[in-house]
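Okay, here's what each chain looks like letter by letter:
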Amino acid sequence: ARSGRVYRLEDAALAFTPTENLYGDFTPAVHKETADAGVVEQLRAWCADTGRHFCGWTVVLHNSTLGARHPEACVQNCHGDRYPHALCASNPSVRHYAAALVRDICARLRPDSVMLESATNRAAGHGDHHEIGNTRVGAAALWLLSLCCCPHCLGRAAKTPGLDPEQARATCKRLLQDLLNREVHIPGTDMAQLATLPLEYPELHAYQRERQKRTAEFIAIPSQTLRVNDVECKPLPTSTPFEIASS
């Protein structure tokens, strides 16, 4: 029955009780009231009884709750700053969590399909309440700030022939400094600016290509789990207004 009440769910929390000891290093947050009431399970049963399609929805890499608990698993920019809202797709614990999350959803809720949101790299900007920048950050600078230089990403990149990840990180730091201090200007629209840097700096192009490979590997983890369980995968595009978060 409708009560007319307004609820604010806990950030990045599951609406069902997760299976214990399945998620490795992470313990998912749970919205206890919703989980204890079995709201999702009741909805699943109603869909089965009425012949309706039951579609689940889960958010993978965009998780501020887990990011705050595990900063070592978050994206780290070229200066070493971590982004709590963005889990890193190269981190082994994050990959284990993604597979466990989708596997748990399939086992407990038996969905017909799952909307898979935020299975690609997150941008530096989050859009937090009262999030303020002390300088204008254009598209090119935002892309550079969003490149992950955590130990896992650098380690993977170091195994790629012809790619020097430390050179790419140094170039990233230098260009950021110049862009934010207005010592260099990149003409064109946002998309044109994003295309210019990889074309002019081969080390950044190589690092981005390796990043795309890691992202594709990560997307395959939950997608494959859904296919094995005969569940349709419905990827959701990022809400970030630039293409930096889609690869």
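The structure this text deals with has already been given above.
This one's a predicted model, so the numbers in the text were calculated from it and none came from an experiment.

Engineer: Would you mind showing me how to read the overall build of the protein here?
Structural biologist: Helix and strand content of the protein: 9 helices and 7 strands. Out of the 247 residues belonging to the protein, those deemed buried represent 46%. Considering only residue pairs separated by 6 or more positions, the protein has 75% of its internal contacts joining residues 24 or more positions apart. Here the protein has roughly 13,300 Å² of accessible surface; of this, 52% comes from carbon and sulfur atoms.

Engineer: Would you take a moment to explain the packing of aromatic side chains for this structure?
Structural biologist: We describe a pair of aromatic rings using the distance from one ring centre to the other and the angle between the two ring planes. Going through the model one piece at a time under the given rule, you end up with 2 aromatic pairs. Taking 5.8 Å as the distance between ring centres and 45° as the angle between the ring planes, the aromatic pair formed by Tyr23 and Tyr97 counts as tilted. Remark: Tyr97 occurs in helix α4 (residues 92–109) and Tyr23 occurs in the loop between β1 (13–14) and β2 (29–30); sequence separation between them is 74 residues. One cation-aromatic arrangement involves Arg214 over Tyr207; the distance from NZ or CZ to the ring centre is 5.7 Å.

Engineer: For this particular structure, what's the right way to read the pairing of strand β5 (residues 82–87)?
Structural biologist: The side chains of a regular strand alternate between both faces of the sheet. With 3 bridges connecting them, strand β4 (residues 74–76) and β5 associate as antiparallel partners. The residue bridging Val75 from the neighbouring strand is Tyr83, located in β5. From the end of β4 to the start of β5, which pair antiparallel, there are 5 residues, and Gly80 there has a positive phi angle of about 95°.

Engineer: Please explain the packing of α4 against helix α9 (residues 202–228) as it appears in this structure.
Structural biologist: The description of two helices packed together rests on the angle between their axes and the distance between the axes. Put simply, α4 and α9 touch, their axes get as near as 8 Å, and they point 20° apart. It follows from the interaxial angle that α4 and α9 lie roughly parallel. Relative to α9, α4 is oriented so that their crossing is right-handed. Across from Val94, Arg95, Ala98, Ala99, Val102, Arg103 and Cys106 in α4, the residues of α9 making contact are Arg214, Glu217, Phe218, Ile221, Pro222, Thr225 and Leu226. Within the contact of α4 with α9, the residues separate by chemical class into 9 nonpolar, 1 polar and 4 charged.

Engineer: Explain α4 here, please?
Structural biologist: Residues that lie three or four places apart on an α-helix share one face, since the helix turns once every 3.6 residues. Helix length check: α4 (18 residues) gives 26 Å between terminal C-alpha atoms against 26 Å at 1.5 Å per residue, within 8%. Across the 18 residues of α4, 13 count as buried, placing the element largely inside the fold. Capping the start of α4 is the job of one residue whose side-chain oxygen sits 2.9 Å from the backbone nitrogen of Ser93: Asn91.

Engineer: In this structure, what is going on with the state of the cysteines? I would like to understand it.
Structural biologist: Chemically, a disulfide is nothing more than a covalent bond linking the sulfur atoms of two cysteines. The tally for this structure, following the rule as stated, stands at 0 disulfides. For the unlinked cysteine Cys106, the closest cysteine sulfur is that of Cys233, found at 9.8 Å. Between Cys172, a cysteine without a disulfide, and Cys78, which holds the nearest cysteine sulfur, the sulfur-to-sulfur distance is 3.6 Å. For Cys172, a relative accessible area of 1% puts it in the buried group.

Engineer: Is there a simple way to explain the pattern of salt bridges in this structure?
Structural biologist: If the charged atoms of two oppositely charged side chains come close together, the side chains can form a pair. Considering all chains together, one arrives at 7 salt bridges under this definition. Among the ionic pairs, Glu210 bridges to Arg156, the shortest N-O distance being 3.8 Å. You can see Glu210 sitting in helix α9 and its partner Arg156 sitting in helix α6 (residues 151–158), a full 54 residues away along the chain. Here Glu217 and Arg156 are joined by a salt bridge, their closest N and O atoms 3.0 Å apart. Of this pair, Glu217 sits in helix α9 while Arg156 sits in helix α6, and the two are 61 residues apart along the sequence. A relative accessible area of 24% means that Arg156 is categorised as partly exposed.

Engineer: Looking at this structure, how should I read the pairing of strand β3 (residues 55–59)?
Structural biologist: With burial as the criterion, only one face of β3 is covered, namely that bearing Gly56 and Thr58; the residues Cys55, Trp57 and Val59 on the opposite face remain uncovered. Here β3 pairs with strand β6 (residues 113–117) via 5 bridges, running parallel. Bridge pairing in β6 links Trp57 to Met115.

Engineer: I tried to follow the sheet that holds strand β7 (residues 232–236) on my own but got confused; where do I start?
Structural biologist: Strands pair in a sheet through their backbones, by hydrogen bonds, and they do so in one of two ways: parallel or antiparallel. Across the sheet, 3 strands lie side by side as β3-β6-β7; this open sheet has parallel pairing. Either end of the sheet is taken by a strand with one partner, and the two such strands are β3 and β7. Each adjacent strand pair in this sheet contributes to an overall mean axis angle of 25°, direction not counted. Bridge analysis of β6 against β7 gives 5 bridges, and the strand direction is parallel. Bridging across to β7, Leu116 finds its partner in Pro235.

Cut-off values and rules
- Residues numbered from 1 in each chain as written.
- Predicted model: local features only at pLDDT ≥ 70, side-chain atom pairs only at ≥ 80, totals over all residues.
- Heavy atoms only, no water.
- Helix = DSSP H or I, 4+ residues; strand = E, 2+ residues; numbered from the N terminus.
- Buried < 20%, exposed > 50% of the residue type's maximum accessible area, 1.4 Å probe, protein only.
- Contact = heavy atoms within 4.5 Å.
- Areas by Shrake-Rupley, 256 points an atom, 1.4 Å probe, with all protein chains shown as cover.
- Phe/Tyr/Trp six-rings, centres within 6.5 Å; stacked < 30°, edge-to-face > 60°.
- Lys NZ or Arg CZ within 6 Å of the ring centre and 35° of its normal.
- Pairing = 2+ DSSP bridges.
- Axes fitted to C-alpha atoms, helices over the stretch in contact; angles between N-to-C directions.
- Parallel < 35°, antiparallel > 145°, perpendicular 65-115°, else oblique.
- Left-handed = near helix turned anticlockwise from the far one by under 90°.
- Nonpolar A, V, L, I, M, F, W, Y, C, P; charged D, E, K, R; others polar.
- Expected span 1.5 Å × (residues − 1).
- Polar contact = N/O pair within 3.5 Å; in protein donor to acceptor, adjacent residues only side chain to side chain.
- Disulfide = S-S within 2.5 Å.
- Salt bridge = Lys/Arg side-chain N within 4 Å of Asp/Glu carboxyl O.

No statement about biological role is implied by the geometric values presented.
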